[in-house]
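Observations on the model geometry
So you can see what is in the structure, the chains are spelled out below.
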Amino acid sequence: MRVLINGRLLAEENGADVEVIEHFALIHDVMRESEDLDLYHGSRAADFIKSIAGTWIRLDDQQLRKLMNACRYHSVGRLDPDTTIQTCWDADRLDLGRVGKHPKKTYLGSRLARDENFMKMAYERSVTRFVIEDFNDSIK
Ligand SMILES: [Fe+2]
């Protein structure tokens, strides 16, 4: 949910494809085999997406390709020139506080993702028990 919130907020500013971001938030870690180092979970997620495309996932070909690439490479520390793919990665990286890390600006691609205040708010969400009411209160 935190990745989804980060992604929606970023997309509102940069025009990234929210549909792809929402799918990414829900599915990018679904094939993790452990919470420890799992180098191929992104590739497995991309393969899984391919296997359910047209049934559980209904995106056009371009969206599907972006979703699969975003999932496949989300944990290798790359930057991507495509705004939607980069926004998926920014949304996920801004949640690194969940594993005790601070995101580094050099791995964030969009302007808002690198904003000090935005990073701080995302980090605070990542390290605290977060419920949707907290988010609703924070944007009032
Ligand atoms: Fe992941």
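Below or above, wherever it landed, is the structure these notes cover.

The rules behind these values
Residues numbered from 1 in each chain as written. Predicted model: local features only at pLDDT ≥ 70, side-chain atom pairs only at ≥ 80, totals over all residues. Heavy atoms only, no water. Helix = DSSP H or I, 4+ residues; strand = E, 2+ residues; numbered from the N terminus. Buried < 20%, exposed > 50% of the residue type's maximum accessible area, 1.4 Å probe, protein only. Contact = heavy atoms within 4.5 Å. Donors = N, O, S within 2.8 Å, 3.2 Å for Na, K, Ca; no water. Core = buried A, V, L, I, M, F, W, Y, C linked by side-chain atoms within 4.5 Å. 1 Å grid on protein atoms, 1.4 Å probe; cavity = no way out; pocket = protein on both sides within 12 Å on 5 of 7 lines; lining within 4 Å. Points joined across faces, edges and corners; volume = space filled by probe spheres on them. Nonpolar A, V, L, I, M, F, W, Y, C, P; charged D, E, K, R; others polar. Salt bridge = Lys/Arg side-chain N within 4 Å of Asp/Glu carboxyl O. Polar contact = N/O pair within 3.5 Å; in protein donor to acceptor, adjacent residues only side chain to side chain. Phe/Tyr/Trp six-rings, centres within 6.5 Å; stacked < 30°, edge-to-face > 60°. Lys NZ or Arg CZ within 6 Å of the ring centre and 35° of its normal. Axes fitted to C-alpha atoms, helices over the stretch in contact; angles between N-to-C directions. Parallel < 35°, antiparallel > 145°, perpendicular 65-115°, else oblique.

**What to know about the side chain of Ser 110**
Tracing the sequence through the fold places Ser 110 in the loop between helix H5 (83-93) and helix H6 (116-127). Given the relative accessible area of 9%, Ser 110 is considered buried. Excluding residues within four positions of it along the chain, Ser 110 makes contact with Leu 10, Asn 14, Gln 86 and Asp 90.

**Some points on the coordination of the iron ion**
Listed as protein donors to the iron ion are Asp 29 (OD), His 41 (NE2) and His 74 (NE2); their distances from the metal cover 2.0 to 2.2 Å. Judged by relative accessible area, Asp 29 falls into the partly exposed class, the value being 24%. Looking at His 41, the relative accessible area reads 2%, which means it is buried.

**Considering the nonpolar core**
By size, the foremost hydrophobic cluster in this structure holds 32 residues, and its most contacted members are Phe 24, Ile 49, Ile 57, Leu 67 and Leu 94. At the level of elements, helix H1 (2-14), helix H2 (18-27), helix H3 (41-52), helix H4 (61-72), H5 and H6 are the ones that each hand at least two residues to this core. When neighbours within four sequence positions are excluded, Ile 49 is seen to be in contact with Ile 27, Ile 57, Leu 64, Leu 67, Met 68 and Cys 71.

**Thoughts on the layout of surface pockets**
Here the largest pocket defines a volume of roughly 620 Å³. Lining the largest pocket are 22 residues, with His 74, Ser 75, Leu 96, Arg 98 and Lys 101 positioned closest to its centre. Here the residues of the lining of the largest pocket sort into seven nonpolar, five polar and ten charged. Within this model, the second largest pocket holds a volume of roughly 190 Å³.

**Focus on the pattern of salt bridges**
Going through the model one piece at a time under the given rule, you end up with twelve salt bridges. With its nearest N and O atoms 2.7 Å apart, the salt bridge here joins Arg 44 to Asp 38. Residue class for Arg 44 comes out partly exposed when judged on its relative accessible area of 22%. By relative accessible area, Asp 38 is classed as buried at 9%. What emerges from the salt-bridge pattern is a single network uniting Arg 2, Asp 92, Asp 95 and Arg 98.

**What to know about the side chain of Asp 92**
Its place among the elements puts Asp 92 in helix H5. In this structure the side chain of Asp 92 is engaged in a polar contact, spanning 3.2 Å, whose partner is the side chain of His 28. Beyond its immediate stretch of four places on either side in the chain, Asp 92 contacts Val 3, Phe 24, His 28, His 74 and Arg 98.

**Points about the packing of aromatic side chains**
The tally for this structure, following the rule as stated, stands at zero aromatic pairs. The ring of Tyr 73 carries the charged tip of Arg 78 above its face, separated from the ring centre by 4.4 Å.

**Observations concerning the packing of H3 against H4**
H4 packs onto H3 with a crossing angle of 155° between their chain directions and a minimal axis gap of 7 Å. One finds that H3 runs roughly antiparallel with respect to H4. Together, Gly 42, Ser 43, Ala 45, Ala 46, Asp 47, Ile 49 and Lys 50 of H3 and Leu 64, Leu 67, Met 68, Cys 71 and Arg 72 of H4 make up the contact between the two elements. For the contact of H3 with H4, the class distribution of residues is seven nonpolar, two polar and three charged.

Keep in mind that these numbers describe shape and distance, not what the molecule does.
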